[in-house]
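Observations on the model geometry
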Amino acid sequence: FMHISFIFLLAGIFCRERKSKERLAVVLLIIYALFNSVSSTVIKACAISALLMFRKEISGFADKLQVLSLVVLVLTLADPMLCFSSGFIISVLSTILVYFSYSPIYRKISIFMAKRKVRMPKLCWILPMWLVFTVGTAPVCALFYNGISVYSAFYSALMLPVAAVLSVVSLPALLVLS
């Protein structure tokens, strides 16, 4: 969802009013999905974001799990071969894992750190994300890729903060340097 946060950032730069910002973001999401080789994971991410905004605007509340279920159902009906796509399955699993387990893991880590009187840094969200993605998707990755490499857990723990910093720095750098 990192690329989608850039789209929302762009919409926020150009529009101040919430409704117009969301509508511009939906248009940008559709354009991005069409130009990004129509990848199923990009379409899934864009459709989830757009449907969440529409559901919130229409009913005032949007259930993320219902929106995810609807998007996955529509995508698999449109292309049944997605049921066998490891990237799509891991993407859906990651979204479900973040939805159900990110907050409880974050709370437990916060309580653990507070008991030891350790100040939590601003980038404390990285540890629960790492646990959710690395540990949560490990069985499915082992199934699809016939095993899990030992260094993958350490590599993802190293690359997640690097990707977060690059994602924050890249857009302002692109705007300033171009």
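Let us look at the structure shown here. Everything numeric here is computed off the predicted structure, so don't read it as measured data.

Reading the values: rules and limits
- Residues numbered from 1 in each chain as written.
- Predicted model: local features only at pLDDT ≥ 70, side-chain atom pairs only at ≥ 80, totals over all residues.
- Heavy atoms only, no water.
- Helix = DSSP H or I, 4+ residues; strand = E, 2+ residues; numbered from the N terminus.
- Buried < 20%, exposed > 50% of the residue type's maximum accessible area, 1.4 Å probe, protein only.
- Contact = heavy atoms within 4.5 Å.
- 1 Å grid on protein atoms, 1.4 Å probe; cavity = no way out; pocket = protein on both sides within 12 Å on 5 of 7 lines; lining within 4 Å.
- Points joined across faces, edges and corners; volume = space filled by probe spheres on them.
- Nonpolar A, V, L, I, M, F, W, Y, C, P; charged D, E, K, R; others polar.

1. Here's the deal with the overall build of the protein
A tally of regular secondary structure across the protein gives eight helices and zero strands. Going from N to C terminus, the protein has its helices and strands arranged as α-α-α-α-α-α-α-α. Buried positions account for 30% of the 178 residues belonging to the protein. Considering only contacts in the protein between residues 6 or more positions apart, those separated by 24 or more positions represent 56%.

2. Focus: the layout of surface pockets
Its volume calculated, the second largest pocket comes out at about 220 Å³. Around the second largest pocket, the lining comprises 14 residues; the ones closest to its centre are T134, C141, I148, S152 and A153. Put simply, the parts of the chain that give the lining of the second largest pocket at least two residues each are helix 6 (126-136), helix 7 (138-145) and helix 8 (152-177). Per element, the largest residue contribution to the lining of the second largest pocket is four residues, and it comes from helix 8. Residue classes in the lining of the second largest pocket are distributed as eight nonpolar, six polar and no charged.

3. Examining the side chain of S91
Mapped onto the elements of the fold, S91 is located in helix 5 (residues 86-115). For S91, the residues in contact, after removing those within four places along its chain, are T41 and K44.

4. Details of the environment of A33
When you line up the elements, A33 lands in helix 2 (residues 18-35). A relative accessible area of 11% means that A33 is categorised as buried. Distance in space between the C-alpha atoms of A33 and I43 is 5.6 Å, their sequence separation being 10 residues.

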